[in-house]
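Report on the structure
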Amino acid sequence: MATASNPNESTTARKDSGVITSADVLAAIGSLKLTVGLFAASLIIVLVGTLAQDEMNMQDVKARYFTSWIAWMHIDDFFPQAFFRHANPIPGVLPFPGGALIGVLLMMNLIAAKSTRFRVSASGNRLVAGIVFVVIGFIVAGLIIASGHSSDGLQGAPPIGYERLWNLFQGLVLACAAGLAFVSVNSKHGMLRILGLLTAAVIAGVIAYTLMTGNRIGDPGLRIVWQLTKGLGAGVILLIGSLLIFGRQGGNLLLHFGVGLLMFGQFAFGDRQLEQRISLVEGDSTNALINLDRVELTFIVAGDDEDTVTAVPGEKLLRAKETGDLIRDPSLPADIKVHQYFKNSDLKKATPDENEANTGQGLIYKAVDVRKRGGAESGQVDIASAYVELIDKESGDSLGKHLVSQMLSDIEMLAAGGTNKDVYDEISINDNNYRLGLRYHREVKPYWVHLEDVQRRNYSGTETPRDYSSYIRIIDPETGEDRRERVWMNNPLRYRGETFFQSSYTALPSGKEQTGLQVVRNSGWLIPYVACSIVALGMLAHFSGTLKRFVGRRERERAKELAGLSDESRDSMMSSRPAVIAGTIAVSYTHLRA
């Protein structure tokens, strides 16, 4: 005689046996309690990181809290100077999960949770076809993202004209509206039929308005539409595969594919993103990008065509100050002893009895340590200074103690357009002449950027700027390329994997104009567009399927209600059908939100 086993008994037996299975591990990693705990931890990290910007710049905050595995929370960060004035930092640190660790655990939690809830509903050829579509979808998404890194010219520009792209977009939207109307007419659910036809009519009406008035999305907006459309193409392929494999859970799975892609993009490219800048006066040229987040001590040997620069990073100077060790390197003309290093400082006139330096500009000025400016102080930057002593490599004798400061050797960058010129300490070591100074890190490029003109356009009749435009010439000796481009607000230029954004404009007292270009290196800039398209498509598919099932259930319940009523009561209820439909739609939306 056959007997049926009780699932509860098997579960109890497994617990009693003390054996931990893979299902138990996945259930623990994917638990909702862990999700809530990680979200709470991320809120704490964001709060403390925000408070820390009172005295730290964004790069330092990122390194301490958001890109670290273990964040050492400084008690002093909880009490910003804006709220609680104090002369000395409040001591003490607390270990806490860093942003990188929280992100990895959230990714693991997401994968584990969905692996225990999603069920494969396909088999045979259907399963194989679904896997093929998913693989192709990921390949297409990867190719779209890679294409954004390799393209040059106006960032995100479509391969066809904007008018033609707009016409194609109008046609695509009208086709979607027609498809929605066709599906709605053939729907067996009256409520969905009305809702679908109303939505299709609204969409068609909007497109008809644009056709009659000639209004359209601007060129920058159409570039965004183009990126989202490419992402939507990859999303459609993934959706087909997800529906084939997981049935009605396919839309939910696609939604999580998009979220996972966003998280992957942050881990893969977030820390590699680099922001630099170029400041040029009309007629000037440069082949060096300036990194405002890094400072370096430089030994410069002047040449006829180009200078030779040997640099020591500011982080290395700070570490040498803390440890007391000499900085030794074969490429340096002398060993370096760091006596003082100020991340932010001010210069004052020096008197002989109060200055640490014994040569160079240090005989005229002295550096004074001041509070670091935080990321919340917009437009303000830290100005580093240091006292360094050069030591002869062979004899160990002192070659002089120097004051180096950005206020001296980087003043042209800090006060562009002014009359002050960069000042370096001139030194001679082993018959070689060097200029010693402290300045922002320069990254030399194989191409030159020449500013031909910069323009400011105001709104008619006002002094409010409408647009800044930089007309630049890029000369690349390596490739022989010589191109003239325009960079203006919301219209960045991409060249050699870097994006040039119009950042600032300054009218100088001399009558000339200066432009500021922000140069960003971000290989994964297309990931948010692709991910948002995938998430939106997944939400639409999931919402539509859930709404259809919910409305079908409500209609079956209503049919049962009507079957048990008298003819008079049935006629009364049917007369209020529009109100019932509206109420049902509202209830279904609330149900889906919950």
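Each value, and the rule that gives it
- Residues numbered from 1 in each chain as written.
- Predicted model: local features only at pLDDT ≥ 70, side-chain atom pairs only at ≥ 80, totals over all residues.
- Heavy atoms only, no water.
- Axes fitted to C-alpha atoms, helices over the stretch in contact; angles between N-to-C directions.
- Helix = DSSP H or I, 4+ residues; strand = E, 2+ residues; numbered from the N terminus.
- Parallel < 35°, antiparallel > 145°, perpendicular 65-115°, else oblique.
- Left-handed = near helix turned anticlockwise from the far one by under 90°.
- Contact = heavy atoms within 4.5 Å.
- Nonpolar A, V, L, I, M, F, W, Y, C, P; charged D, E, K, R; others polar.
- Buried < 20%, exposed > 50% of the residue type's maximum accessible area, 1.4 Å probe, protein only.
- Arc of directions from axis to C-beta.
- Salt bridge = Lys/Arg side-chain N within 4 Å of Asp/Glu carboxyl O.
- Patch = residues over 30% accessible without salt bridge, like charges linked within 9 Å, V, L, I, M, F, W, Y side chains within 5 Å.
- Areas by Shrake-Rupley, 256 points an atom, 1.4 Å probe, with all protein chains shown as cover.
- Lys, Arg positive; Asp, Glu negative; His and termini not counted.
- Charge placed at Lys NZ, Arg CZ, Asp CG, Glu CD.
- Core = buried A, V, L, I, M, F, W, Y, C linked by side-chain atoms within 4.5 Å.
- Pairing = 2+ DSSP bridges.
- 1 Å grid on protein atoms, 1.4 Å probe; cavity = no way out; pocket = protein on both sides within 12 Å on 5 of 7 lines; lining within 4 Å.
- Points joined across faces, edges and corners; volume = space filled by probe spheres on them.
- Phe/Tyr/Trp six-rings, centres within 6.5 Å; stacked < 30°, edge-to-face > 60°.
- Polar contact = N/O pair within 3.5 Å; in protein donor to acceptor, adjacent residues only side chain to side chain.

Here's the deal with the packing of helix H3 (residues 32-52) against helix H5 (residues 99-117)
Running from N to C, H3 and H5 cross one another at 155 degrees; their axes reach a closest spacing of 10 Å. Taken together, the axis directions place H3 and H5 in an arrangement best described as roughly antiparallel. Note on packing geometry: the crossing formed by H3 with H5 is left-handed. Residues Leu34, Thr35, Leu38, Ala41, Ser42 and Ile45 of H3 lie in contact with H5, whose contacting residues are Ile102, Leu105, Leu106 and Asn109. When grouped by side-chain class, the residues that make up the contact of H3 with H5 number seven nonpolar, three polar and no charged.

Re helix H11 (residues 314-323)
What H11 keeps buried is the set Gly314, Leu317 and Ala320. Considered in projection along H11, the buried side chains sweep an arc of 120 degrees and stay on one side of the axis. Looking at the buried positions of H11, the neighbouring elements they touch are strand S5 (285-301), strand S6 (308-313), strand S7 (335-342) and strand S13 (432-458).

Examining the pattern of salt bridges
With the rule as written, the count across this model stands at 18 salt bridges. Between Arg484 and Glu452 there is a salt bridge, with the nearest N and O atoms lying 2.9 Å from each other. Of the two residues, Arg484 sits in strand S15 (residues 481-488) while Glu452 sits in strand S13, which places them 32 residues apart along the sequence. Overall, Glu452 belongs to the partly exposed group, its relative accessible area being 34%. Measuring nitrogen to oxygen at the nearest pair gives 2.6 Å for the salt bridge that ties Arg473 to Asp482. Among the ionic contacts, a cluster of salt bridges with common partners joins Glu443, Lys445, Glu498 and Arg521.

Some points on a positive patch on the surface
There is a patch of like positive charges on the surface, built from Lys188, Lys548, Arg553, Arg554, Arg556 and Lys560. For Lys560, the position within the fold is in helix H14 (residues 527-563).

Focus: the nonpolar core
Of all hydrophobic cores here, the largest spans 25 residues; its most connected members are Leu297, Phe299 and Ile336. Listing elements by their share of this core, those giving two or more residues are S5, H11, S7, strand S10 (385-391), strand S12 (425-429) and S13. Those residues within four positions of Phe299 in sequence are excluded, and the remaining contacts are Thr308, Val309, Thr310, Leu332, Pro333, Ile336, Leu390, Ile427, Tyr434, Arg435 and Leu436. Among the nonpolar cores identified, the runner-up in size contains 21 residues, and Ile145, Leu238, Leu526 and Ala531 belong to it.

Brief notes about the pairing of S12
The alternating pattern of S12 places Asp425, Ile427 and Ile429 on a buried face, while none of Glu426 and Ser428, on the opposite face, is buried. As paired strands, S12 and S13 are joined by five bridges and run antiparallel to one another. If you follow Ile427 over to S13, its bridge partner there is Tyr434. The antiparallel hairpin formed by S12 and S13 contains two residues in its connecting segment, where Asn430 sits at a positive phi of about 55 degrees.

Remarks on the sheet that holds S7
Here we have three strands laid out as an open sheet, ordered S7-S10-S11, and antiparallel in their pairing. Of all strands in the sheet, those bounded by a partner on one side alone are S7 and strand S11 (398-405). Along the sheet, successive strands turn relative to each other by an average axial angle of 15 degrees, direction set aside. Sheet topology places S7 next to S10; seven bridges connect them, and they run antiparallel. Of the residues in S10, the one forming a bridge with Gln340 is Tyr387.

Quick word on a nonpolar patch on the surface
Together, Phe78, Phe79, Phe83, Phe84 and Leu94 give the surface a local cluster of nonpolar side chains, amounting to about 520 Å² of exposed area. Relative to the assigned elements, Phe83 resides in the loop between strand S1 (70-74) and strand S2 (93-97).

Focus on unusual backbone geometry
Its identity is not glycine, yet Asp431 carries a phi of approximately 65 degrees, on the positive side. Summarising the element assignment, Asp431 is placed in the loop between S12 and S13. Overall, the relative accessible area of 76% leaves Asp431 in the exposed class. Unusually for a residue other than glycine, Arg496 sits at a positive phi of about 55 degrees. Here Arg496 shows up in the loop between strand S16 (493-495) and strand S17 (498-507).

Some words on empty space enclosed by the protein
Empty space left among the atoms is revealed by rolling a probe the size of a water molecule over them. Summed over all chains, the structure comprises one cavity of 30 Å³ or more. Empty space within the largest cavity amounts to approximately 50 Å³. For the largest cavity, the full set of lining residues is Gln361, Leu403, Val404, Ser405, Leu408, Ser409, Val423, Tyr424, Asp425, Leu436, Gly437 and Leu438. Listing elements by their share of the lining of the largest cavity, those giving two or more residues are S11, helix H12 (406-409) and S13. Looking at the lining of the largest cavity residue by residue, the class counts come to seven nonpolar, four polar and one charged.

Focus on the packing of aromatic side chains
In the structure shown here, the tally under the stated rule is eight aromatic pairs. Measuring from ring centre to ring centre gives 5.2 Å for Tyr447 and Tyr495, while their planes differ by 90 degrees; the resulting arrangement is edge-to-face. Placement of the pair is Tyr447 in strand S13 and Tyr495 in strand S16, with a sequence separation of 48 residues. The residues Tyr447 and Tyr495 share a single accessibility class, namely buried.

Quick look at the environment of Asp476
Considering the arrangement of structural elements, one finds Asp476 in strand S14 (residues 465-476). With 31 residues separating them in the primary sequence, Asp476 and Lys445 have C-alpha atoms 9.3 Å apart. In this structure Asp476 touches Pro446, Tyr447, Glu481, Tyr495 and Arg496, once residues within four positions along its chain are discounted. Side-chain polar atoms of Asp476 contact the side chain of Arg496, separated by 3.0 Å.

Brief notes about the side chain of Asp335
The residue Asp335 is located in strand S7 in this model. On the accessibility criterion, Asp335 (7% relative accessible area) is buried. One polar contact links Asp335 to Arg328, side chain to side chain, over a distance of 3.4 Å. Setting aside its immediate chain neighbours within four residues, Asp335 contacts Ile327, Arg328, Glu389, Leu390, Ile391 and Lys393.

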